[in-house]
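# Examination of the molecular architecture
As a plain string of letters, each chain reads:
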Amino acid sequence: MTPITTTAELAVFCDKLKGQPFVAVDTEFMRETTYWPKLCLIQAAAGSAEACIDPLAEGMDLEPFLEILRDATILKVFHAARQDVEIFNNLQAMPRPLFDTQVAGMAAGFGEQIAYDALVRQMLKIELDKSSRFTDWARRPLSDNQLTYALADVTHLAALYPMLHDRLRQEGRLGWVTDEMANLTDPAIYDVEPENAWKRLRPRKHTAKYMAVYKAVAAWRERTAQSRDQPRGRIVKDEAIDEIATQAPTDADQLDRLRSVPKGFSGSRFGPDLLAAIREALKDPEAYAPVVERSRASASPAAGAVVELLKVLLKARAEEAGVASKLIATVSDLEQIANDDDADTSALKGWRREAFGEDALRLKRGELALVLDGARVRVVEVRRAPKTAEAG
């Protein structure tokens, strides 16, 4: 098998994709030692056209394929699309519209985050060859076995999509995955602006001083990781950001006393810049600190118990509907519902409210109860005793 290695060949292939109702897409990339994912191979299939595209080939311009991804008349089909979408978003080619077969599988009753090989096995009755699973996709040349393995990811994906789509349509669940597909192509979730890096983390406190330093250190780490093209964790670990924000060191001696910071860190190439970022944030913590959603901080003492009950209810309703519980609600959704009947969460909107949200509120009001019936949990109505007139 010969991959596409020239822009001219790619243009010819992409001409075959134009006008197709959908194209199945997958990528092979490396990012274990880098911040930015290194795109090593693109696989695409639509109709009778299928190919592996080598983005590392000398002189290769991916623009013809990126135009296909931007074409709103062609549906782009992925499995577990998030990292693939991140790569193409970095190339200014957000693949819209999009269909993710993993998300669709969750709505079709195949469980939480079903793997591609498991979905192929269950729906197509095909056992995938995994012999090239741990290939170094950056090395050249790629063997016929490696290219065949890679191409199978999209040839089977192209067969899966119509089956999943029809199944969801027949069950009236296509709308159930629409929001999830739209979320996957929201540029905000791929934002790498350093000043927003703290939003991906879980700060433990909410004071202005803590949050100012927390935001500053997260931004410093993001800038450093990007400029050096290294994973964030190789600069400093997440737990180090929390300890630095808690202790707010402003000199080398204070920084080196922290347990989560490597010995001698202050004297490294990173130390002076980090300390400068901390000192800058501390000049005016109130102004620099971000505004944090305080719903968790203001949670009622009973909220934890309510969340646990909601988890059981969610599991029961998901099993009844034959849909992965994660598609209906997340733990964050449950925490918000536990604290606020009018929480702005997707679990209280649309089909999710019908499948779970309304019952979650009824459980909070004491109108529903959870009953253990053997190994299963049943949801039952609570019958309230009628009021009796007092004797005169």
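A short tour of the structure in this document, coming up.

The rules behind each value
Residues numbered from 1 in each chain as written. Predicted model: local features only at pLDDT ≥ 70, side-chain atom pairs only at ≥ 80, totals over all residues. Heavy atoms only, no water. 1 Å grid on protein atoms, 1.4 Å probe; cavity = no way out; pocket = protein on both sides within 12 Å on 5 of 7 lines; lining within 4 Å. Points joined across faces, edges and corners; volume = space filled by probe spheres on them. Helix = DSSP H or I, 4+ residues; strand = E, 2+ residues; numbered from the N terminus. Nonpolar A, V, L, I, M, F, W, Y, C, P; charged D, E, K, R; others polar. Salt bridge = Lys/Arg side-chain N within 4 Å of Asp/Glu carboxyl O. Buried < 20%, exposed > 50% of the residue type's maximum accessible area, 1.4 Å probe, protein only. Phe/Tyr/Trp six-rings, centres within 6.5 Å; stacked < 30°, edge-to-face > 60°. Lys NZ or Arg CZ within 6 Å of the ring centre and 35° of its normal. Pairing = 2+ DSSP bridges. Axes fitted to C-alpha atoms, helices over the stretch in contact; angles between N-to-C directions. Contact = heavy atoms within 4.5 Å.

## Let's talk about the layout of surface pockets
What the second largest pocket holds in volume is close to 890 Å³. Taken together, 28 residues make up the lining of the second largest pocket; nearest its centre are Asp26, Thr27, Glu28, Tyr149 and Asp153. For the lining of the second largest pocket, the leading source of residues is strand E1 (residues 22-30), giving 6 residues. The residue inventory of the lining of the second largest pocket, partitioned by class, reads 13 nonpolar, 4 polar and 11 charged.

## Section: the pattern of salt bridges
Tallied over the entire structure, the rule returns 30 salt bridges. Between Arg365 and Glu367 there is a salt bridge, with the nearest N and O atoms lying 3.0 Å from each other. Here Glu367 falls in the partly exposed class, since its relative accessible area comes to 27%. It is possible to trace a salt-bridge network through shared partners that takes in Asp117, Arg121, Glu127 and Lys130.

## Some remarks on the packing of aromatic side chains
Evaluated as defined, the whole model comprises 11 aromatic pairs. With 6.4 Å between their ring centres and 55 degrees between their planes, Phe78 and Phe88 make a pair best called tilted. Of this pair, Phe78 sits in strand E4 (residues 75-78) while Phe88 sits in helix H3 (residues 82-90), and the two are 10 residues apart along the sequence. In this pair, the class of Phe78 matches that of Phe88, namely buried. The ring of Tyr288 has Lys215 lying over it, and the distance from NZ or CZ to the ring centre is 4.6 Å. Over the ring of Phe270 we find Arg269; its NZ or CZ atom is 4.9 Å from the centre of that ring.

## Considering the sheet that holds E4
Sheet architecture is open: 5 strands sit in the order E3-E2-E1-E4-E5, paired in mixed fashion. At either margin of the open sheet sits one strand with a lone partner, and together these are strand E3 (49-53) and strand E5 (98-100). Each neighbouring strand pair of the sheet contributes to a mean axis angle of 25 degrees, computed without reference to strand direction. For strand E2 (residues 38-46) and E3, the ladder comprises 5 bridges, and the chain directions are antiparallel. Counted as the bridge partner of Ala45 is Glu50 from E3. On top of the sheet, helix H1 (residues 7-17) reaches E1, E2 and E3; it is set at about 145 degrees to E3, its chief contact.

Any link to function would need more than the numbers given here.
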